[in-house]
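As a plain string of letters, each chain reads:
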Amino acid sequence: MESWMDNPDCCLLVATRERQTEGYVIGCERSGQPGVLPPRRGHVLEMTLAMHSDSNGIGGQLWSALRDWFGDRGLDEAIVLVSSRQPVEQAFWRSLAAIEMMDHLWLRT
């Protein structure tokens, strides 16, 4: 996390309430795949929310602030990697109009 905090192409946002951490989100600006536009995109590296928080909408507020940070950098697309085994997280991103792009598979060589 320290390397993200020192990197000007990364943004770490933390939501607190009554001196308690309610959640955080980390995003970075990264190069896209060669030959695929746009040449740079936002990447949501991680979002974590407190399980027993009674604050509604923290995830949406964190995303909105990160989206603004991406926009300030001229980025109008973001990639979010969410495991197929995390249906709640997938539902959150889909509720924000995220669409499936591709499946990522892991293979040992």
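Structural data are supplied above this passage.
Residues numbered from 1 in each chain as written. Predicted model: local features only at pLDDT ≥ 70, side-chain atom pairs only at ≥ 80, totals over all residues. Heavy atoms only, no water.

Asks: Is there a simple way to think about the sheet that holds strand 2 (residues 20–31) in this case?
Replies: Hydrogen bonds between backbone atoms are what pair the strands of a sheet, whose relative direction is either parallel or antiparallel. Strand order in this open sheet of four strands is 1-2-3-4, and the pairing throughout is mixed. The outermost strands of the open sheet, each flanked by one partner alone, are strand 1 (10–17) and strand 4 (78–80). The mean inter-strand angle of the sheet, taken between neighbouring strand axes irrespective of direction, is 25°. Pairing between strand 2 and strand 3 (residues 40–49): nine bridges, direction antiparallel. Looking at the pairing, S31 lines up with R40 of strand 3. Across the face of the sheet, helix 2 (residues 58–72) comes into contact with strand 1, strand 2, strand 3 and strand 4 while running at roughly 30° to strand 2. (Pairing = 2+ DSSP bridges. Helix = DSSP H or I, 4+ residues; strand = E, 2+ residues; numbered from the N terminus. Axes fitted to C-alpha atoms, helices over the stretch in contact; angles between N-to-C directions. Contact = heavy atoms within 4.5 Å.)

Asks: How do you make sense of unusual backbone geometry when you look at a structure like this?
Replies: With the exception of glycine, most residues fall at negative phi, and the peptide bonds are largely trans. Cis geometry is adopted by the peptide bond preceding P38, which originates at L37 and carries an omega value of -5°. If you trace the backbone, P38 turns up in the loop between strand 2 and strand 3. Positive phi, normally seen in glycine, also occurs at R19, with a value near 65°. Of note, R19 is situated in the loop between strand 1 and strand 2. Relative accessible area serves as the criterion here: at 82%, R19 is assigned to the exposed category. (Buried < 20%, exposed > 50% of the residue type's maximum accessible area, 1.4 Å probe, protein only.)

Asks: Honestly, the pattern of salt bridges in this entry has me stumped. Any pointers?
Replies: Two side chains carrying opposite charge are able to pair once their charged atoms lie near each other. Under the definition given, this model contains five salt bridges. The salt bridge involving R41 is made with E77; its shortest N-O contact spans 2.9 Å. With R41 in strand 3 and E77 in the loop between helix 2 and strand 4, the pair connects residues that are 36 residues apart, well separated along the chain. The partly exposed category is assigned to E77, whose relative accessible area is 35%. A salt bridge links E100 to R94; the shortest N-O distance between them is 2.8 Å. On the basis of relative accessibility, which here comes to 59%, the residue E100 falls in the exposed class. Among the ionic contacts, a cluster of salt bridges with common partners joins D9, E29, R40 and R73. (Salt bridge = Lys/Arg side-chain N within 4 Å of Asp/Glu carboxyl O.)

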